[in-house]
Amino acid sequence: MEGVFFVKPFKTLNQQISLLKERGMVIHDEETAKNYLLSNNYYNIINGYGKYFPMSGETYTNGTTFEEISRLYLL
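Keep in mind that what you see is a predicted model, and the values were worked out from it rather than measured. (Residues numbered from 1 in each chain as written. Predicted model: local features only at pLDDT ≥ 70, side-chain atom pairs only at ≥ 80, totals over all residues. Heavy atoms only, no water.)

The predicted model of the chain has a mean per-residue pLDDT of 90, with 99% of residues at 70 or higher. Taken element by element, the predicted model of the chain shows its lowest mean pLDDT in helix 3 (residues 42-49) (88) and its highest in helix 1 (residues 13-22) (96). (pLDDT = per-residue confidence, 0-100. Helix = DSSP H or I, 4+ residues; strand = E, 2+ residues; numbered from the N terminus.)

Below, the structure is given as structure tokens:
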């Protein structure tokens, strides 16, 4: 089916945080992370910059933190 694409369903901020934690990401301050995700784009941050951190499949390893990824995004 040429020209057809699928959109992932919308996730609330709580669901986004839960998904990241399920994938092994360390989030020290959930409220700050939620505010950051609210003012920035989840997919730009996580899909764009999360790939530079150690992963095993879809799981972050070595204590990767949200703060590390968000700092790299700002850089």
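After that view of the structure, there is still more to cover.
Let's shift gears to unusual backbone geometry. Positioned with a positive phi, N62 is a non-glycine residue whose angle comes to about 60°. Along the chain, N62 turns up in the loop between strand 2 (59-60) and helix 4 (66-74).

Okay, the environment of L20 next. In this structure, L20 sits in helix 1. When its relative accessible area of 0% is taken as the criterion, L20 is described as buried. Taking the C-alpha atoms as reference points, L20 and Y60, separated by 40 residues in sequence, lie 8.7 Å from one another. Residues contacting L20, with those up to four places away along its chain left out, are M25, I27, Y42, I46 and F66. (Buried < 20%, exposed > 50% of the residue type's maximum accessible area, 1.4 Å probe, protein only. Contact = heavy atoms within 4.5 Å.)

For the coordinates displayed, the defined rule picks out three salt bridges. For K21, the salt bridge goes to E30, with nearest N and O atoms at 2.6 Å. Since its relative accessible area comes to 41%, K21 is described here as partly exposed. Classification of E30 as partly exposed rests on a relative accessible area of 30%. Notably, a salt bridge pairs E31 with K34, separated by 3.6 Å at the nearest N-O pair. Pair noted here: E31 and K34 are both in helix 2 (residues 30-39), with a separation of three residues, about one helical turn. The buried category is assigned to K34, whose relative accessible area is 14%. (Salt bridge = Lys/Arg side-chain N within 4 Å of Asp/Glu carboxyl O.)

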